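Coordinate inspection notes
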Amino acid sequence: MTALPHYLLSDNAAVAADGRLSIAGCDVLDLTEEFGTPLFIYDEDHLRARCREAVAAFGDGVAYATKAFLCTAMARLAHEEGMQLDVATGGELHVAMAAGVPADRLVLHGNNKSELELKMALEAGVGRIVVDSFDEFDRVEALVSDGLTAPSVLVRVNPGVEAHTHEYLQTGAADSKFGFSLSGGVAEVAIERAAGSSAMQLRGLHAHVGSQVFVVDSFVKAVGALAPLAHRVDARELSIGGGLGVAYIEGEAAPSITEWADAVKTACADAGIESRILAEPGRAIVAQAALTAYRVGTIKPIDGVRTYVSVDGGMSDNPRPVLYGSGYEAFLPRATTAERDQSVRIVGKHCESGDVIVQEARVPADLAVGDILATPVTGAYGHTMGSNYNMVLRPPVVFARDGDARLVVRRETFADLVDRDI
Ligand code: LLP
């Protein structure tokens, strides 16, 4: 069998008798007629269901990591479904607040928060700041002595756990720019500083081991590493960060948010940790909710080598294959369940040989120029990590729900490209 595995599509994906794919009652080919290509199509109820699952599994305080996918519609959706929002820069903070999310529902991250970002956060009254360096302690203390209100903080601890994932996505190993190391007692010094400072209220600890992690054991190890410290400082809150992986390609399987939460909570209970357990999933909320629809522009067979299929987007809407060697599947929404018995390389339109979307894609043999070709599981770190390379216009985003599709981010225009030039 070489057909696309259905489990890579979103919850409300359905295939009609003629093979055409619809998302939440919206025909994908019709959407590409209406909104053009490339196009990000999100299944809105899939997003809502994952937010609700996270709140049910961890309770109030679980935050959506906005870096995975952010626009005002997404910020509002996560807030409506009861999640807090993790923002890692002043820009993410601004978008979340522009969406109307109350500041006390925001958690500010970052290994190098500027004075301006901290000032924005303190003035707005964000719910938590996750302190990441001694320099940041200095900045917060200076701002509070200038009259701003003392924030509630978590101290980011680097647990020294190597998660099973791509090297660039590991953040909790000893050699990392994030957090205060457990080893050498640095984390303990940071916690004493936070606890003794009148410029902040210490609420607890935070750790994030990495991203696209498939084995809950990596999180369990982090809990084990943090437990002695959590006991010593009597942490009221313990956030395990984000990082739960998702399946991108045939054969992959990942734990659900509920299974992840159960494993983390069991590990905490076993370690005698009585803190409130928090988390901040990003990818697991949004990745499988979306697909990207492209139009095929050229098909170039090179005798005895391979066939190149070029689409109208590329590394500017999905840089993950180039950055991490990430794999994706491809299929034709006009023949969703068709056997894919041809092997091709799917590339973008950028002036760069590395601009590959799928190295070895299986596609139906009748793939033709003009076809709409889709890659599933593109809801996380595609739109947010997109660029304007070669001045390619950033794609729009639609949310499909109950047979209606609403445009939540419009396509960039040529005018946008010169808008900031002076
Ligand atoms: N919390 C913190 C402190 C983080 O650094 C991250 C991700 C998350 C939560 C959310 O992690 P998630 O649940 O989405 O795995 N661009 C890469 C992923 C980088 C993740 C960075 N931090 C990719 O495309 O795979």
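The structure reproduced in this document is the subject of the present report.

1. Notes on the packing of helix H4 (residues 90-98) against helix H5 (residues 115-124)
The interhelical angle for the contact between H4 and H5, taken along N-to-C directions, is 30°, at an axis separation of 9 Å. Taken together, the axes of H4 and H5 lie roughly parallel to each other. H5 is crossed by H4, and the crossing has left-handed handedness. Contact with H4, carried on its side by Gly90, Leu93, His94 and Met97, involves Glu117, Met120, Ala121 and Ala124 of H5 and no other residues of that element. Here the contact of H4 with H5 is built from residues that sort into five nonpolar, two polar and one charged.

2. Some details on the side chain of arginine 50
With respect to the element layout, arginine 50 can be found in helix H2 (residues 44-58). For arginine 50, a relative accessible area of 17% puts it in the buried group. Excluding residues that lie within four positions of it along the chain, arginine 50 makes contacts with Asp11, Ile257, Ala284 and Ile285.

3. Some words on the nonpolar core
With 125 residues, the main nonpolar core has Tyr42, Met74, Val286, Ile346, Leu373 and Phe399 as its most contacted residues. Counting contributing residues, this core receives three or more from each of domain 1 (6-43 + 287-418) and domain 2 (45-286). Filtering out sequence-adjacent residues up to four positions away, tyrosine 42 remains in contact with Leu47, Phe69, Val286, Ala289, Ala290, Thr378, Gly379, Val397, Val398, Phe399 and Ala400.

4. Things to note about the pattern of salt bridges
This structure, assessed with the given rule, holds 28 salt bridges. Two residues, arginine 193 and glutamate 141, come together in a salt bridge whose shortest N-O distance is 2.9 Å. Highlighted residues: arginine 193 in helix H7 (residues 186-196) and glutamate 141 in helix H6 (residues 134-145), separated in sequence by 52 residues. Where arginine 410 meets aspartate 416, a salt bridge forms, and the shortest distance between an N and an O atom there is 2.7 Å.

5. Re the site of the ligand
In the vicinity of the ligand lie 20 residues, with Ser211, Arg283, Arg320, Tyr324 and Tyr381 positioned nearest. Within the side chain of aspartate 86, an N or O atom sits 3.5 Å from a nitrogen atom of the ligand. In the environment of the ligand, an oxygen atom lies 2.6 Å from a nitrogen or oxygen atom belonging to the side chain of tyrosine 381. Taking 580 Å² as the accessible area of the ligand by itself, protein coverage stands at 91%. Within the shell around the ligand, the residues separate by chemical class into six nonpolar, eight polar and six charged. When residues of the shell around the ligand are assigned to domains, at least three fall in each of domain 1 (6-43 + 287-418) and domain 2 (45-286).

6. Quick word on the pairing of strand S14 (residues 290-302)
Each regular strand carries side chains that alternate between the two faces of the sheet. Strand direction decides the pairing type here: strand S4 (residues 39-43) and S14, joined by four bridges, are antiparallel. Looking at S14, one finds that tyrosine 42 is bridged to alanine 290. The sheet contact formed by S14 and strand S18 (residues 372-376) spans five bridges and is antiparallel. Bridging across to S18, tyrosine 294 finds its partner in leucine 373. The pairing of S14 with strand S15 (residues 306-311) spans six bridges and is classified as antiparallel. Residue pairing in the sheet places threonine 298 in a bridge with serine 310 of S15. In textbook terms, the turn of a hairpin is the stretch between consecutive antiparallel strands, and for S14 and S15 this stretch comprises three residues, one of which, glycine 304, has a positive phi near 70°.

7. Examining the pairing of S15
Note: S15 against strand S16 (residues 342-347), three bridges, orientation parallel. Its bridge partner being in S16, serine 310 is matched across the sheet by valine 347.

8. Remarks on the environment of valine 347
Mapped onto the elements of the fold, valine 347 is located in strand S16. Since its relative accessible area comes to 9%, valine 347 is described here as buried. It is 28 Å that separates the C-alpha atoms of valine 347 and alanine 24, two residues lying 323 residues apart in sequence. Not counting the four nearest positions on each side in its chain, valine 347 is found in contact with Tyr308, Val309, Ser310, Val311, Asp355, Val356 and Ile357.

Reading the values: rules and limits
Residues numbered from 1 in each chain as written. Predicted model: local features only at pLDDT ≥ 70, side-chain atom pairs only at ≥ 80, totals over all residues. Heavy atoms only, no water. Axes fitted to C-alpha atoms, helices over the stretch in contact; angles between N-to-C directions. Helix = DSSP H or I, 4+ residues; strand = E, 2+ residues; numbered from the N terminus. Parallel < 35°, antiparallel > 145°, perpendicular 65-115°, else oblique. Left-handed = near helix turned anticlockwise from the far one by under 90°. Contact = heavy atoms within 4.5 Å. Nonpolar A, V, L, I, M, F, W, Y, C, P; charged D, E, K, R; others polar. Buried < 20%, exposed > 50% of the residue type's maximum accessible area, 1.4 Å probe, protein only. Core = buried A, V, L, I, M, F, W, Y, C linked by side-chain atoms within 4.5 Å. Domains from an automatic or database assignment. Salt bridge = Lys/Arg side-chain N within 4 Å of Asp/Glu carboxyl O. Near = heavy atom within 4 Å. Polar contact = N/O pair within 3.5 Å; in protein donor to acceptor, adjacent residues only side chain to side chain. Areas by Shrake-Rupley, 256 points an atom, 1.4 Å probe, with all protein chains shown as cover. Pairing = 2+ DSSP bridges.

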